[in-house]
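Here are the chains, one letter per residue:
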Amino acid sequence: MNAPFPMPAAVAPATAQDRLRVRLQSVRYVTRDIQLFEFVDPAGAPLPATTPGAHVDVHLANGITRSYSLIEAHPAPGRYLVGVKRDPNSRGGSRYMHETLRVGAELTLSQPRNLFPLKEDAPHTVLLAGGIGITPILCMAERLAALGAPFTLWYASRTRADLAFLPELARFGERLHLHVDEEAQSVLDMAAIVAAAPAGTHFYCCGPAPMLAAYEAAAAGRAPETVHLERFGASAPVATGGDGFVVQLARSGVELRVPSGATILQVLNENGIAVDSSCEAGICGCCEVAVLEGEVEHRDEVLTAAQRASNKSMMVCCSRARCERLVLDL
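Thresholds, definitions, all that
Residues numbered from 1 in each chain as written. Predicted model: local features only at pLDDT ≥ 70, side-chain atom pairs only at ≥ 80, totals over all residues. Heavy atoms only, no water. Phe/Tyr/Trp six-rings, centres within 6.5 Å; stacked < 30°, edge-to-face > 60°. Helix = DSSP H or I, 4+ residues; strand = E, 2+ residues; numbered from the N terminus. Buried < 20%, exposed > 50% of the residue type's maximum accessible area, 1.4 Å probe, protein only. Salt bridge = Lys/Arg side-chain N within 4 Å of Asp/Glu carboxyl O. Contact = heavy atoms within 4.5 Å. Polar contact = N/O pair within 3.5 Å; in protein donor to acceptor, adjacent residues only side chain to side chain. Pairing = 2+ DSSP bridges. Axes fitted to C-alpha atoms, helices over the stretch in contact; angles between N-to-C directions. Core = buried A, V, L, I, M, F, W, Y, C linked by side-chain atoms within 4.5 Å.

Chemist: Residue-level account of the packing of aromatic side chains, with values.
Modeler: Evaluated as defined, the whole model comprises two aromatic pairs. Judged by centre distance (5.7 Å) and plane angle (80°), the ring pair of Phe151 and Phe172 falls under edge-to-face. Remark: Phe172 occurs in the loop between helix H3 (166-169) and strand E9 (176-180) and Phe151 occurs in strand E8 (residues 151-157); sequence separation between them is 21 residues. Assigned by exposure class, Phe151 and Phe172 land together as buried.

Below is the structure:
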């Protein structure tokens, strides 16, 4: 397990042929509102390789698709583990998984994708998690521990009852720091943690919006390529304003008008053109589509500056055109 993982490939738009049929092997509670779901190949075959920070899109029978981080990373995994927190404001994803999905059910997952990759050869790594944000961070910590790489892990929650995966985390010994807001009567001091980290440190944070805002402010003076984060939700509502434009679908030649106030995804759905989507807020990467012609106005929170500049793909749930016509690989 100490050999390097393969580097994640460039993200490609998902197709039906990329999907995996899996069986729900087990479900267990890890906190009062977080359940751990174990998926396996129905025939017992290994599943596609995963890397720390990767996620899968879970296609549910109620028509909803949701993205969840993988808790384990292996070159030839026998299972995928995802942790799902029941959201009281659920639009049907976490509620369905907690209340309806049962052991033995077969369902479809996407191939693993990694928009939050770990730099394994960093001189030092600081991992920060809040609540259910521990799922990708735990996977990263496991990998760094296996490599013998230096790291520290800070895990915060509002109450002690909300701390998940404590037996697994205990293996990290003094590298683990737990913070319970109600006991400390304060939130995690991001500024102090970042300031204390040595030069060259890579930082990774996953958690609720206030935590990420504090993290971004604290790390603003660090080199941008060393500051990594993954969001649960968009930092701002999706903006649909702007001029209308035409989208041409290269495979069929169909042309569709996207008016101001509508997204490309909405127009595609209204015309019976299926594109995988989940968050509809530009944070999960599920609806990424290749761009063949035209200039994109990127409004997502997934692509890097270099990926945006390349103009090779876009998130159709939120991004728009800077020109009269976009040609998409659909």
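From this point on, the discussion continues.
Chemist: I'd love a proper account of the pattern of salt bridges, names of residues and values included.
Modeler: Throughout the structure, instances matching the rule amount to 18 salt bridges. The partner of Asp57 in a salt bridge is Arg113, with the nearest N and O atoms 2.5 Å apart. In this pair, Asp57 sits in strand E3 (residues 55-59) while Arg113 sits in the loop between strand E6 (106-109) and strand E7 (125-130), placing the two residues 56 residues apart along the sequence. By the burial criterion, Asp57 is buried, and Arg113 matches it. One salt bridge connects Arg308 with Asp300, and the closest N-O pair in it is separated by 3.8 Å.

Chemist: Help me get a handle on the environment of Asp57, residues and values and all.
Modeler: Given a relative accessible area of 1%, Asp57 falls into the buried group. If near-sequence neighbours (up to four positions away) are discounted, Asp57 is found in contact with Thr65, Arg66, Ser67, Thr108, Leu109, Ser110, Arg113 and Cys286. A distance of 2.6 Å separates a polar atom in the side chain of Asp57 from a polar atom in the side chain of Ser67. A polar contact is formed between the side chain of Asp57 and the side chain of Arg113, at a distance of 2.5 Å.

Chemist: Requested: an account of the sheet that holds strand E10 (residues 202-207), with residues and values cited.
Modeler: With parallel pairing, five strands are arranged side by side in an open sheet as E9-E8-E7-E10-E11. Strands with a single pairing partner mark the edges of an open sheet, and in this sheet they are E9 and strand E11 (227-231). Between one strand and the next, the sheet's axes are offset by a mean angle of 10°, whatever the strand orientation. Here E10 runs beside E11; their pairing, made up of five bridges, is parallel. Pairing of Phe203 across the sheet is with Val227, part of E11. Against the sheet, helix H2 (residues 134-147) touches E7, E8, E10 and E11, its axis set at about 155° to E7. Helix H6 (residues 209-218) rests against E7, E10 and E11 of the sheet, and its axis sits at about 160° to E10.

Chemist: Help me get a handle on the nonpolar core, residues and values and all.
Modeler: One finds Leu127, Ile134, Ile137 and Leu153 to be the most contacted residues of the largest nonpolar core, which totals 29 residues. Elements with a minimum of two residues in this core: strand E2 (34-40), E7, H2, E8, E9 and E10. For this core, the element with the most residues is H2, which contributes six residues. Those residues within four positions of Ile134 in sequence are excluded, and the remaining contacts are Ala129, Leu153, Tyr155, Ala164, Phe165 and Leu169. Ranked by size, the runner-up nonpolar core spans 26 residues in total, among them Ala262, Val289, Met314 and Cys318.

Everything listed here is a matter of geometry and, on its own, says nothing about what the molecule does.
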